[in-house]
Amino acid sequence: MKKVDRQAKIEEIIKEHTIATQEALLVALEAEGIPATQATISRDIREMQVVKERDQDGTLRYTIYHNGEKTVAERLDESIAEVVVAVKLVEFVNVIHTAPGNGNSLAAIIDDLAFPQVAGTLAGHDTILIISPDRDSAQYVHDYFAERMVVE
């Protein structure tokens with residue numbers, strides 16, 4: 001099966017079913033008659049920008065992160081305003097606290113932008129570490145987030 005066809009089926013499965021793990025995705029693909037390896041699925045997830053988010057019921061599930069109507073920068077600005085609750089600069093690292101369940105999706109947006117001031121991100125459930133190459137870059141990232149946060 002061609003990669004494009006497999007990825008189209010993955011997108012269909014993710015939209016129609018609650019899939020929260022690679023193993024569950026492999027099982028769903030096999031049920032559709034599509035054999036795949038864990039390594040292949042892992043690559044597909046990365047290429048397709050699949051992230052875990054909580055749905056309306058609070059269930060953690062895979063979703064495909066894309067929005068053709070907005071630029072990545074616009075999505076980042078909106079996401080910062082909606083989910084970031086705190087930002088703290090520690091040397092050349094920024095610690096970003098988000099609303100629960102939003103760390104991974106926000107980190108995916110940051111990674112998409114490929115800021116020169118960001119060497120890498122590490123995301124969890126509600127926390128993101130943004131590692132910068134130097135202190136000045138880290139200060140830029142801190143200021144960028146601080147200016148866009150909604151303080152209540």
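Above this note sits the structure.
None of these values were measured; they are calculated from a predicted model. Within each chain, residue numbers correspond to sequence positions counted from 1 in written order. pLDDT decides what is reported in this predicted model: residues at 70 or higher carry local features, side-chain atom pairs at 80 or more are listed and counted, and totals for whole chains, interfaces and linings draw on all residues regardless. As a rule here, side-chain values come from all non-hydrogen atoms in the structure, and water together with hydrogens is ignored.

## Topic: the sheet that holds strand β4 (residues 93–98)
Part 1 of the reasoning: For two strands to pair, DSSP has to find at least two bridges joining them. Helix and strand assignments follow DSSP, with helices taken as H or I runs no shorter than four residues and strands as E runs no shorter than two, numbered in order from the N terminus. Sheet architecture is open: four strands sit in the order β3-β4-β6-β5, paired in antiparallel fashion. This sheet does not close on itself; its edge strands, each paired only once, are β3 (84–90) and β5 (120–123). The average angle at which neighbouring strand axes cross in this sheet is 15 degrees, direction not considered.
Part 2 of the reasoning: Each of β3, β4, β5 and β6 (127–131) touches helix α5 (residues 103–113); the most contacted strand, β5, lies at about 170 degrees to it.
Part 3 of the reasoning: Residue contacts follow a heavy-atom distance rule, with two residues in contact if any of their heavy atoms lie within 4.5 Å. Axis definition: a line fitted to C-alpha atoms, limited for helices to the stretch in contact. Angles are taken between N-to-C directions and run from 0 to 180 degrees. Its contacts with the sheet place helix α6 (residues 135–148) against β3, β4 and β6, and it is angled at close to 160 degrees to β3.

## Considerations on the packing of helix α1 (residues 3–16) against helix α2 (residues 22–31)
Part 1 of the reasoning: Contact geometry for α1 and α2: axes closest at 10 Å, N-to-C directions at 110 degrees. Put simply, α1 runs roughly perpendicular to α2. The element α1 and its partner α2 pack so that their crossing is right-handed. Along its contact with α1, which presents K9, I10 and I13, the element α2 presents L25, A28 and L29.
Part 2 of the reasoning: The residue makeup of the contact of α1 with α2, split by class, is five nonpolar, no polar and one charged. Oblique is the label for every angle not falling under 35 degrees (roughly parallel), over 145 degrees (roughly antiparallel), or within 65 to 115 degrees (roughly perpendicular). Left-handed is the label given to a crossing in which the near helix is rotated counterclockwise from the far helix by less than a right angle, and right-handed is the label when the rotation is clockwise. In the scheme used here, Gly and all other residues not listed as nonpolar or charged are polar, with Ala, Val, Leu, Ile, Met, Phe, Trp, Tyr, Cys and Pro taken as nonpolar and Asp, Glu, Lys and Arg as charged.

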